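Secondary and tertiary structure notes
Here's the letter readout for the chains.
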Amino acid sequence: HSQTSEFFFVALTNILCGVIASLSILQLISVVNRSLFAIAFQYSASCATSALFTRPLCMAATAIDGKGIAAEIRNEIKSHVSELSTRPGLAVILVGERRDSQTYVKMKKKACSEIGIASFGFDFPETAPEKEILDCIEQCNKNPLIHGILVQLPLPPHIEENVVLNAIAHDKDVDGLHPRNVAQLSSTSTHVGNVRLNWENLNEIPFPIPCTPQGCIELLDRSGIILEGKRAVVIGRSNLVGIPVALLLMHRNATITIAHSRTDDIKAVVKEADIVIAAVGKAYLVQKEWIKPGAVIIDVGINSLDDPTSKRGYKLVGDVDYEGCKDVASLLTPVPGGVGPMTIAMLMRNTVNACIRSEGATTSEE
């Protein structure tokens, strides 16, 4: 800075010597003032530039509190349910004795109880024939007390998953997996005469949206992330998460890339993203070297790793190396406690909205 100041003072001296003979006293004072201001501005700018490039570009990421946001949404839904004239009802169909599936079903039933949704449980043994499951779905489709039907996945190998899911009435498909609902999610309604939906508020969409993708968007919205114009990379192309979350991001005017196991130089692709959504089911796939400084990361993955130090003998981790990526990202969901609680909250929302739409349909028919 001293060399810079010396240079400007020499320049100022030369200028003054050249013009002093032709300037009045007032004019000379004006020139001096302007020159001193220029020196001060240059000095300040030099200091600011130096500070910019010596300070850390990104502090440790802030964890997105999925539990807290999900609790907030569940309270909103509970308040809404208390104002309805009809109690929403959710049927949950479980086939087999998988411990993880049984745990998820218990969590969903508990959420129903807390919010005020009536839950109907249908448990079948691992060997139950497909027709028995289809008959149960048909009964639920006809039951006016049931507004949402959920079949806990995965199903045993002898049961055709698509056949079962397609048997659910599209207006009771709270998982958003019925072909009709998938088709509606895929439509951009850009043709003349079509009414465009308000994708800024997913609660207003007139058909069920898959729960986990919907939860991802809610986490971004409630964390203050603007999606329009952002570059988003979705890692994974499953029907449950990857494709629907990419469609939701598209509806919000983000620029989307879907990366997968066959993507060339996937690290370079992810590195370009302002928003990364990882949903592949591979522990610690995404490393800090993949992440653009300041990016936002939503980690959908839930993977079990052996951990002798844990009482359970294992620990749950995501698709993202949390400890490494938190030094680069700006916001990041933990596992557990990130996306998981949001999935159940969105299931509750879909059930309540199905009930409201059912009431509207009944009223219009009458």
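Residues numbered from 1 in each chain as written. Predicted model: local features only at pLDDT ≥ 70, side-chain atom pairs only at ≥ 80, totals over all residues. Heavy atoms only, no water.

Time to look at the overall build of the chain. When helices and strands are tallied, the chain shows 12 helices and 11 strands. Relative to its 366 residues, the chain shows a buried fraction of 42%. Sequence-distant contacts in the chain: of pairs separated by 6 or more residues, those separated by 24 or more amount to 71%. Total accessible area on the chain stands at roughly 19600 Å², and carbon and sulfur atoms take up 55% of it. (Helix = DSSP H or I, 4+ residues; strand = E, 2+ residues; numbered from the N terminus. Buried < 20%, exposed > 50% of the residue type's maximum accessible area, 1.4 Å probe, protein only. Contact = heavy atoms within 4.5 Å. Areas by Shrake-Rupley, 256 points an atom, 1.4 Å probe, with all protein chains shown as cover.)

The subject of this paragraph is the packing of aromatic side chains. Per the stated rule, a full pass over the model turns up 1 aromatic pair. Relative to Phe207, the ring of Trp199 has its centre 6.3 Å away and its plane inclined at 70°; by these criteria the two rings are edge-to-face. Residues Trp199 and Phe207 agree in their burial class; the two are buried. A cation over a ring is seen here: Arg312 above Tyr314, with NZ or CZ 4.8 Å from the ring centre. (Phe/Tyr/Trp six-rings, centres within 6.5 Å; stacked < 30°, edge-to-face > 60°. Lys NZ or Arg CZ within 6 Å of the ring centre and 35° of its normal.)

Looking now at a nonpolar patch on the surface. Nonpolar side chains collect at one region of the surface, where Tyr104, Met107 and Ile302 lie side by side and expose about 280 Å² of accessible area between them. Among the secondary structure elements, Ile302 is positioned in the loop between β8 (296–299) and β9 (303–306). (Patch = residues over 30% accessible without salt bridge, like charges linked within 9 Å, V, L, I, M, F, W, Y side chains within 5 Å. Salt bridge = Lys/Arg side-chain N within 4 Å of Asp/Glu carboxyl O.)

It is worth spelling out the pattern of salt bridges at this point. Overall, the coordinates contain 13 salt bridges when judged by the stated rule. The shortest N-O distance in the salt bridge between Glu218 and Arg349 comes to 3.0 Å. Residue Glu218 is located in helix α8 (residues 211–222), and its partner Arg349 is located in helix α12 (residues 340–365); the two are separated by 131 residues in the primary sequence. A single burial state applies to Glu218 and to Arg349, both of which are buried. Note that Asp221 is salt-bridged to Arg252, the shortest N-O span being 2.9 Å.

As a further point, take the environment of Ile146. Examined against the element boundaries, Ile146 turns out to sit in the loop between α5 (130–142) and β4 (148–151). Ile146 sits 26 residues away from Phe120 along the chain, and the two C-alpha atoms are 8.0 Å apart. Not counting residues within four places of it along the chain, the set of residues in contact with Ile146 comprises Gly89, Ala91, Phe120, Cys140 and Lys172.

We now examine the confidence of the model for the chain. Looking at the chain as a whole, its pLDDT mean stands at 87, while 81% of the residues score no less than 70. In this model, residues 36–58 is a region of pLDDT below 50 whose contacts with residues beyond four sequence positions or in other chains number 14 contacts. Below a pLDDT of 50 lies the segment residues 362–366, which in the model reaches 0 contacts outside its immediate sequence neighbourhood of four places, other chains included. (pLDDT = per-residue confidence, 0-100.)

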